[in-house]
Amino acid sequence: MGRPKKTLKKPKLRVKKKLVEKVRGMHDILPSEMPYWDLFLDAVEKTTATFGFSKVETPILERTELFQRSTGENTDIVQKEMFSFLDKGGDDLTLRPEGTPGVVRAYIENGMHTYPQPVKLYYVGPMFRREKPQAGRQREFHQFNIEALGSSKPVIDAQVIFIAWKVLKKIGLNNFEVQINSVGCRVCREQYREMLVDFLSSKKQRLCIDCKKRLKKNPLRILDCKNSRCQEVVNEAPQIIDYLCDECHNHFKEVLEYLDEAKIPYNLNSKLVRGLDYYTKTAFEFWPTSEKASASQGSFGGGGRYDDLVEIMGGRETPAIGMALGVERIINYLKENRERKDLPRKKADIMLVQLGDMARKKALGIINTLMDNGIFVIENMHKDSIKSQLRYASNQGVRYALILGQKEVLDKSVLIRDMQSGIQEVLSQDNLAIEIKKKLNQKN
Ligand code: HAM
């Protein structure tokens, strides 16, 4: 508009050719994967709502000591897998390798013992473990966790298992099984531990190097060592289930009765001890049963009671139970079984198709009106041709296309096209939302 033309010289960008790549073991989650995540998260929201779980978020960064004291000094996680560092102020911090310690800290620190008990919480978020990256094993991965603090009743154990089971079923996973055990309380487990150490010490020469070390520090973990020679020894070892005290025995029996009533199949697995220190009584895992998935990626999830942990961490006596599902492992497995195009998706009601510069300029205003009236409208304003825009509308499965060309802009009208019949009619731009809503309701 009468402005003198200036041609400026474009300065050269200073480019370094080498890409700064992502950190080993970390992953980008691309839009093409999101339908699987949405499916999972939708099942999580619906299932937790039925049982009155509220969403909680705790920090990803916590003090290293939190995990040392709760996850356990002798666990693989604390010994080998934590991303820990001194920050610039000298604080010893860790990217959370699991969520339970943070939630227990938050329960104590925020006085949640004054809330109606049990306090039922859930969260979905990233965890960090510096493991050797391989199929199903990442250094950053996501978990869906639930934690119920403040109840010792077996029905809560069954509820926690039920929720995980139901989420997996809801998204269409069938090839998995529940493995369950009781690891006893600190009284009966201590007695069992002594028996086990006696037994295993007599067979020490047959154990692998790691298990020889575990014999001193963490003998129960020998029970789930994958080494075949250790397994032979373990098969002859006393089983914890025979050493449970009356209270633990009755608790476990009741949990199983609830699962029977809910028709959740399970396998009693006396070798299941889990890799974290805080478990008491019920311990369980969800294992894939397809050969491919079980060989490549391990359990979908696991959890158990942690009746002593709140007290160990400085709170009052608070029985608790929780579990976590590994989202990436589940989605990897799901991808093998369900095609993305078959996943449910929310379809738009209508697509605005625009032709020519004049119409394109008006398009956002019309979209704004439709959105304000609760109509789910989509667009493809990057495209010019009507053909490609209508093709997009049809791929997206919308019922109507709203066509706006130069003539319509001048007439203050639009063409509405029924995507199934191809029949078109003219609508005025006045009261457009009302007319569209009428049409959408007629079709319902
Ligand atoms: P966990 O067994 O250590 O339990 O982890 C739960 C799930 O997280 C595993 O079954 C697996 O699906 C997933 N997972 C673990 N490590 C990785 C990894 N490196 N890459 C991909 N997925 C992984 C816990 O974390 C407990 N905090 C669960 C709990 C909550 N117990 C009581 N409350």
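Conventions adopted
Residues numbered from 1 in each chain as written. Predicted model: local features only at pLDDT ≥ 70, side-chain atom pairs only at ≥ 80, totals over all residues. Heavy atoms only, no water. Near = heavy atom within 4 Å. Polar contact = N/O pair within 3.5 Å; in protein donor to acceptor, adjacent residues only side chain to side chain. Areas by Shrake-Rupley, 256 points an atom, 1.4 Å probe, with all protein chains shown as cover. Helix = DSSP H or I, 4+ residues; strand = E, 2+ residues; numbered from the N terminus. Nonpolar A, V, L, I, M, F, W, Y, C, P; charged D, E, K, R; others polar. Axes fitted to C-alpha atoms, helices over the stretch in contact; angles between N-to-C directions. Left-handed = near helix turned anticlockwise from the far one by under 90°. Contact = heavy atoms within 4.5 Å. Buried < 20%, exposed > 50% of the residue type's maximum accessible area, 1.4 Å probe, protein only. Pairing = 2+ DSSP bridges. Domains from an automatic or database assignment.

**Some remarks on the site of the ligand**
The full set close to the ligand counts 26 residues, and Glu 98, Glu 131, Gln 138, Glu 147 and Tyr 279 are the nearest of them. Measuring from an oxygen atom of the ligand, one finds a side-chain N or O atom of Arg 129 at 2.9 Å. In the environment of the ligand, a nitrogen atom lies 2.6 Å from a nitrogen or oxygen atom belonging to the side chain of Glu 131. About the coverage of the ligand: the protein hides 95% of its 660 Å² of free accessible area. Put simply, the parts of the chain that give the shell around the ligand at least two residues each are strand E6 (140-149), strand E10 (301-305) and strand E11 (320-326). Class assignment for the residues of the shell around the ligand results in 8 nonpolar, 11 polar and 7 charged.

**Section: the packing of helix H1 (residues 34-50) against helix H12 (residues 327-337)**
Between H1 and H12, the least distance of the axes is 10 Å, while the angle of their chain directions is 115°. Crossing of H1 against H12: the hand is right-handed. Here Tyr 36, Trp 37, Leu 39 and Phe 40 of H1 come into contact with H12, specifically with Val 327, Glu 328, Ile 330, Ile 331, Leu 334 and Lys 335.

**Considerations on the pairing of E10**
Most of E10 is tucked away, with 5 of its 5 residues classed as buried. As paired elements, strand E9 (residues 280-288) and E10 share 5 bridges and run antiparallel to each other. Across the sheet, residue Ala 283 finds its bridge partner in E10, namely Gly 304. Inspection of the sheet shows E10 paired to E11 by 5 bridges, in the antiparallel sense. Of the residues in E11, the one forming a bridge with Gly 301 is Leu 325.

**Considerations on the sheet that holds E11**
If you trace the 8 strands from one edge of the open sheet to the other, you get E1-E5-E6-E11-E10-E9-E7-E8, paired in mixed fashion. This sheet does not close on itself; its edge strands, each paired only once, are strand E1 (54-55) and strand E8 (266-268). The pairing of E6 with E11 spans 7 bridges and is antiparallel. Opposite Leu 149, over in E11, you have Ala 320 as the bridge partner.

**Points about the domain arrangement of the chain**
Partitioning the chain into domains gives domain 1 (31-185 + 245-340) and domain 2 (350-443). Look at where the C-alpha atoms of domain 1 and domain 2 centre, and you get two points 47 Å apart.

**A few points about unusual backbone geometry**
The peptide bond linking Gln 117 to Pro 118 adopts the cis configuration, its omega dihedral lying at -5°. With respect to the helices and strands, the residue Pro 118 is situated in the loop between helix H4 (100-109) and strand E5 (119-128). One non-glycine residue, Arg 274, lies in the positive phi region at around 70°. Mapped onto the secondary structure, Arg 274 falls in the loop between E8 and E9. On the accessibility criterion, Arg 274 (12% relative accessible area) is buried. Even without glycine at this site, Lys 281 takes up a positive phi of about 50°. For Lys 281, the position within the fold is in strand E9. Residue classification places Lys 281 among the buried positions, given a relative accessible area of 5%.

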